[in-house]
There are 4 protein chains.
Amino acid sequence: MGRKQAFTKSELLDQTKKVLLEHGYEGFQLKLLSRGLAGARSTIYQYYANKEEIVAACMKRVMENVLHKVSAIDDSDCMNALQQLLTVYMEEANFHQLLGYAHKINKANSAAAAHDLEFIEQAHVTLKQQLERLFVRAQEEGHLNTSIPLPAIIGVFFNLIDTPNMMNIPIPQWSKLLYQIWLGGAGRL
Amino acid sequence: MGRKQAFTKSELLDQTKKVLLEHGYEGFQLKLLSRGLAGARSTIYQYYANKEEIVAACMKRVMENVLHKVSAIDDSDCMNALQQLLTVYMEEANFHQLLGYAHKINKANSAAAAHDLEFIEQAHVTLKQQLERLFVRAQEEGHLNTSIPLPAIIGVFFNLIDTPNMMNIPIPQWSKLLYQIWLGGAGRL
Amino acid sequence: MGRKQAFTKSELLDQTKKVLLEHGYEGFQLKLLSRGLAGARSTIYQYYANKEEIVAACMKRVMENVLHKVSAIDDSDCMNALQQLLTVYMEEANFHQLLGYAHKINKANSAAAAHDLEFIEQAHVTLKQQLERLFVRAQEEGHLNTSIPLPAIIGVFFNLIDTPNMMNIPIPQWSKLLYQIWLGGAGRL
Amino acid sequence: MGRKQAFTKSELLDQTKKVLLEHGYEGFQLKLLSRGLAGARSTIYQYYANKEEIVAACMKRVMENVLHKVSAIDDSDCMNALQQLLTVYMEEANFHQLLGYAHKINKANSAAAAHDLEFIEQAHVTLKQQLERLFVRAQEEGHLNTSIPLPAIIGVFFNLIDTPNMMNIPIPQWSKLLYQIWLGGAGRL
DNA sequence: TATGAATGAGCCTTCATTCAT
DNA sequence: GATGAATGAAGGCTCATTCAT
């Protein structure tokens, strides 16, 4: 009964992510959102009660994707696991950047948004711990240069994600290449 | 003689940079700008005709600083020059990030802004060429691993700039450390 | 036979009255209306073409009730008739208040609403005349203090209806009590 | 310095009261407010941060007026004091009605509004106590009919305020007339 | 010149009403 | 007939920009 939906919740969140990455959190406007959807601006309110909830839901979904992919990684070999982790983060484009917006969301406006953010925060902590454990193992197993402080190693590793892929190399290979640079350096062997 | 000067152009641009980095381009508001300035919001229009011009002027100034510092680098030893370049970019905090906002500025609104952006664009190209020349030299002189495509090496190098400095190591040392990781890798030698 | 009846016209008007008294005319919203009804908001339009018609119909029904009850009053004894009138108006809770909203309804929007309002207006006039005749008779029969202008006496009498019943005395007794105060005053005899 | 104000805070509150009485709380719109002012709608925000604050401030001012006038009443003779109280409430037109809107204001939206409402609430309690004391004294001094419950007497007294003044009798006389009806009744002596 | 005040354009959100199943 | 979904027209509020002192 009733009409058929102009767009699905999933389409809405897809577009949300797109607009968010293109215009940043402060530049996120419902006008831009609806522009990329097959329906009017006010229709958005069928799904979410306000702007904040939309953004929070979008972030939550991205986080869930990442958690899902990460949980599928075999971490028996820690170096291999790191390589795969890097790939996952790269595939889940701009996961990193999106998370940076999380703290800007005004929780006071919406309980639902606050709840989603809580989830994201929790997951974030979990991911970090998992990652740190991998790095510690890598160090203990003698794969890393012990003269470099671990936080620096981790920071550089993470930052690889945002390296601009000028040559448009497919993500799996691009990820492998960056991993090699990170581990072996850019200098002559 | 009139009234006393409320704030100088330079103070205005300092504050512009601060607000820009804190709130992003889309979150840049004149209210935030004047809040950190010793004068009224409307006084800003004594210096610039609109928002776009302010941001463009700010970026231009940052670019000029970078150009100035870069031009002082001795590039007889290309590897040393690269190391120094990295330091300069890091010192000129968030130069990279600011430049990312450049393409968001609406040039249609102001000829002055368009002019400044033109300058920035030009300088950007120049810097890139200079950098590339250094990298080519580095490769020719056998400092780099030839099995890695140069664009990837450059991309990673540049991305180092944004690596979060969790341990708050002073910039010159932090720069040196990142340079080492980049060149030698994070793995065991 | 189609679908089952979601709610009757009468239920709709009951709920209309409730919402109207709770939120006032300007606060009357279809969302609040359907919330207390066993059916969807859009179903309301099966009965009435727009908001104005609903409110007008509600008022008309209340007025009809009052007319009905009033016509049953035996007015051979005018003082007794007045007492009974007061009771009727009080039973027909907030009749008075509802009528106050009548002039706010935008007739331009709906012929049906305009028609109902016409009826209400007419009935209102009739009731007033009837009442006035009763008061005139009461005065002529010497029941009222002739040193007080009749309009003042009538005004006070009518206003009794809205006296807050803090002690929750049952309406018939409450009505009788107010009638006594009105007639005999609050002062020592 | 700067331009001269389009309207004063006081004018704003005057108009607020007018619109509030004409359209009720739910019908109170900034458009209606600015329509009666010599300035644009957005100018209102120079004085108050939102709708709620405006309404709360308006009510507070009315309450302050009432408190001021009430405090000037000589209550050595309680019956005389009651008569004067009635006049005050009538002069401060629709004070009663306005107060009825107080509980509809959404305090969550504004600390300033909540603060004003706190004041109003407090003053309301004080006024009520003062009034009750007067009535108790009146009863003890034997001015009132002891066979009528005091709350009913008080309720009727208060309700007099809203009696429609059809003949447009000047307020002091109108008040006196109502007081007489209340005390002595409308019936033949 | 410096600025306090004014303001219109634009954004978020709500709501009566219409559509299409 | 009943309804879930769609939507444009407003209303509250903010902000860049202009005015007038």
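Residues numbered from 1 in each chain as written. Chains lettered and ligands numbered in written order. Predicted model: local features only at pLDDT ≥ 70, side-chain atom pairs only at ≥ 80, totals over all residues. Heavy atoms only, no water.

### With respect to the domain arrangement of chain A
All names here are of chain A. The test is simple: In this document the domain limits rely on a domain assignment from an automatic tool or a database. Contacts between residues were defined by any pair of non-hydrogen atoms, one from each residue, lying within 4.5 Å. Buried area: the sum, over both parts, of the accessible surface (1.4 Å probe) that disappears when the two are put together. What makes a salt bridge here is a side-chain nitrogen of Lys or Arg within 4 Å of a carboxyl oxygen of Asp or Glu, nothing more.
By the assigned domains, chain A splits into domain 1 (1–47) and domain 2 (51–184). Put simply, the middle of domain 1 and the middle of domain 2, counted by C-alpha atoms, are 26 Å apart. With 15 residues of domain 1 at the interface, the matching set in domain 2 holds 17 residues. Summed over both sides, the interface of domain 1 with domain 2 buries roughly 1,500 Å², with 68% coming from carbon and sulfur. Counting across the domain 1 and domain 2 interface gives 3 salt bridges.

### Comments concerning the environment of Asn-159 of chain B
Note the following rule: Each helix corresponds to a stretch of at least 4 residues labelled H or I by DSSP, and each strand to a stretch of at least 2 residues labelled E; elements are numbered beginning at the N terminus. The rule is simple: take the accessible area with a 1.4 Å probe, protein chains only, and divide by the maximum for that residue type; under 20% is buried, over 50% is exposed, in between is partly exposed.
Along the chain, Asn-159 of chain B turns up in helix α7 (residues 150–159). With relative accessibility at 6%, the residue Asn-159 of chain B sits in the buried group. On a C-alpha basis, the gap between Asn-159 of chain B and His-96 of chain B in space is 9.3 Å, while along the polypeptide they are 63 residues apart. Excluding its chain neighbours within four sequence positions, the residues that come into contact with Asn-159 of chain B are Asn-159, Leu-160, Asp-162 and Thr-163 of chain A.

### Concerning the packing of helix α3 (residues 51–71) of chain B against helix α6 (residues 111–140) of chain B
Residue and element names in this part refer to chain B. What counts is decided by this rule: Inter-axis angles, ranging from 0 to 180 degrees, are taken between N-to-C directions of lines fitted to C-alpha atoms, where helices are fitted over the stretch in contact. Between 65 and 115 degrees an angle is taken as roughly perpendicular, under 35 as roughly parallel, over 145 as roughly antiparallel, and anywhere else as oblique. Should the near helix be turned anticlockwise from the far one by less than a right angle, the crossing is termed left-handed; should it be turned clockwise, right-handed. Each residue is assigned to one class: nonpolar for Ala, Val, Leu, Ile, Met, Phe, Trp, Tyr, Cys and Pro, charged for Asp, Glu, Lys and Arg, and polar for all the others, Gly among them.
Running from N to C, α3 and α6 point in directions that differ by 30 degrees, and their axes come no closer than 9 Å. In terms of orientation, α3 lies roughly parallel with respect to α6. At the point where α3 passes α6, the crossing takes the left-handed sense. In contact with Glu-52, Glu-53, Ala-56, Ala-57, Met-59, Lys-60, Met-63, Glu-64, Val-66, Leu-67 and Val-70 of α3, α6 contributes Ala-112, Ala-113, Asp-116, Leu-117, Phe-119, Ile-120, Ala-123, His-124, Leu-127 and Gln-130. Broken down by class, the residue content of the contact of α3 with α6 amounts to 14 nonpolar, 2 polar and 5 charged.

### Points about the pattern of salt bridges
What the rule picks out here adds up to 31 salt bridges over all chains. Close ionic contact of Asp-116 of chain A with Lys-60 of chain A constitutes a salt bridge, the shortest N to O distance being 4.0 Å. Highlighted residues: Asp-116 of chain A in helix α6 (residues 111–140) and Lys-60 of chain A in helix α3 (residues 51–71), separated in sequence by 56 residues. For Lys-60 of chain A, a relative accessible area of 21% puts it in the partly exposed group. Taking the shortest distance from any N to any O, the salt bridge between Lys-69 of chain B and Glu-91 of chain B comes out at 3.3 Å. Here Glu-91 of chain B lies in helix α4 (residues 78–91) and Lys-69 of chain B lies in helix α3, a separation of 22 residues in the sequence. Among the residues examined, Lys-69 of chain B registers a relative accessible area of 31% and is labelled partly exposed. Residue classification places Glu-91 of chain B among the partly exposed residues on the basis of a relative accessible area of 37%. The network of salt bridges with shared partners includes Lys-17, Lys-69, Glu-91 and Glu-92 of chain A.

### As for the environment of Asp-116 of chain A
Residue and element names in this part refer to chain A. Relative accessible area serves as the criterion here: at 12%, Asp-116 is assigned to the buried category. Through-space distance from the C-alpha of Asp-116 to that of Glu-53 is 8.3 Å; in sequence the pair is 63 residues apart. In contact with Asp-116, not counting residues within four places along its chain, are Ala-56, Ala-57 and Lys-60.

### Topic: the interface of chain C and chain D
Counted only if it meets this: Under this definition, polar contacts are N or O atom pairs within 3.5 Å; protein pairs additionally need one hydrogen-donor-capable and one acceptor-capable atom, and for neighbouring residues in sequence, both atoms have to be side-chain atoms.
Taken residue by residue, the interface counts 34 residues in chain C and 33 residues in chain D. Both sides together, the interface formed by chain C and chain D hides about 2,700 Å², and carbon and sulfur atoms give 65% of it. Ranking the residues of chain C by area buried against chain D places Asn-159, Ile-181 and Ala-186 of chain C at the top, with a combined share of 19%. Summed over the shared surface of chain C and chain D, the result is 0 salt bridges. On inspection of chain C and its partner chain D, the count reaches 14 residue pairs in polar contact (both at pLDDT 80 or more). Those elements giving two or more residues to the side of chain C that touches chain D turn out to be α1 (9–23), α7 (150–159) and α8 (171–184) of chain C. For the side of chain C that touches chain D, the element with the highest residue contribution is α8 of chain C, accounting for 7 residues.

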